[in-house]
Amino acid sequence: MIFRQLFDTTSSTHTYLIASRLGGEALLVDPVLEHTDRYVQLAQELELQLVLAVDTHLHADHITGIGELREKTGCLTAMGDMTQAECLSARFGDGENLKLDGVDIRAIYTPGHTDDSYSFVLPDRVLTGDTLLIRGTGRTDFQNGNAGDQYDSLFGRLLKLPEETLVYPAHDYNGMTVSTIGEEKRHNPRLQVADRAEYIALMNGLVLSDPKMMDVAVPANRKCGLARAA
Ligand SMILES: [Fe+2]
């Protein structure tokens, strides 16, 4: 498998390029608008055909590149069935496999950070969006976020994956790139709670300022990043 982790320094976003082999079909997860040329060039260098660009959820901190990638390459764009984005080729539901030649990748619904958040499970790894971060979890205080739902997504779904499963989040603010489910179970401070109520109290007690780009990014991302400001 080809698996490339890319990084946007402005928003600390990780973007992933996935394909089964050189010359095969490729998927981009959480592309950032400013870097679409870089993704297209990398795909060309690896002789990949970009067929699909997806977002784990409607981002509030950067503008998505999925719309521009569709315009540049003709790839499909997709997000989960709960999303408010109005510009998609397709939506996937819980448990649905994404269509990518030679790669087994399953979408699972993991709400909490937002009500449209999905994670993507591959045989040995999981892309967790902003549901599970390395030594953290995504905030739950806007975009229909819900700390109780996030607890259920974490403890009921993601942490039930095998402990050796590699964890690739959509963001990292501390220079981390990959973890495992077992490592996060043991060392993620947000996961050291006794029960659901304690997790909700922990999350609801956080005092966070809005992301700098939120007022621009959310309306733009409803249009797949093709209209930058509403
Ligand atoms: Fe997010």
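The rules we used
Residues numbered from 1 in each chain as written. Predicted model: local features only at pLDDT ≥ 70, side-chain atom pairs only at ≥ 80, totals over all residues. Heavy atoms only, no water. Donors = N, O, S within 2.8 Å, 3.2 Å for Na, K, Ca; no water. Helix = DSSP H or I, 4+ residues; strand = E, 2+ residues; numbered from the N terminus. Buried < 20%, exposed > 50% of the residue type's maximum accessible area, 1.4 Å probe, protein only. Pairing = 2+ DSSP bridges. Axes fitted to C-alpha atoms, helices over the stretch in contact; angles between N-to-C directions. Contact = heavy atoms within 4.5 Å. Phe/Tyr/Trp six-rings, centres within 6.5 Å; stacked < 30°, edge-to-face > 60°.

J.: Break down the coordination of the iron ion for me, citing the residues and quoting the values.
T.: Surrounding the iron ion are the protein donor atoms His-57 (NE2), His-113 (NE2) and Asp-130 (OD), at 2.1 to 2.3 Å. Site description for the iron ion: donor spacing in sequence, H-x55-H-x16-D. One end of the pair, His-57, is in the loop between β4 (49–54) and α2 (66–73); the other, Asp-130, is in the loop between β9 (125–129) and β10 (132–133), with 73 residues separating them in the sequence. Residue class for His-57 comes out buried when judged on its relative accessible area of 1%.

J.: Describe in detail the sheet that holds strand β6 (residues 90–92), supporting the description with residues and values.
T.: Strands sit in the order β1-β2-β3-β4-β5-β6 across an open sheet of six strands; the sheet is mixed. Of all the strands in the sheet, the pair left with one neighbour each is β1 (2–8) and β6. Across the sheet, the axes of successive neighbouring strands diverge by a mean angle of 25°, strand direction being ignored. Bridge count between strand β2 (residues 13–19) and strand β3 (residues 25–29): four bridges; the pairing is antiparallel. Bridge pairing links Leu-17 to Leu-28 in β3. Along the sheet, helix α1 (residues 36–45) contacts β1, β2 and β3; its crossing angle with β1, the most-contacted strand, is approximately 160°. Sitting on the sheet, α2 touches β3, β4 and β5 (76–80), and the angle it makes with β4 is about 160°.

J.: Got a sec to walk through the packing of aromatic side chains? Specific residues and values, please.
T.: Tallying each qualifying case throughout the model produces eight aromatic pairs. Judged by centre distance (4.4 Å) and plane angle (20°), the ring pair of Tyr-151 and Phe-155 falls under stacked. Of this pair, Tyr-151 and Phe-155 both sit in helix α3 (residues 147–156), four residues apart, which is roughly one turn of the helix. Taking the relative accessible area as the measure of exposure, Tyr-151 reaches 15% and is therefore buried. Following the ring pairs from residue to residue traces out a cluster consisting of Phe-92, Tyr-109, Tyr-118 and Phe-120.

These figures capture arrangement, not role.
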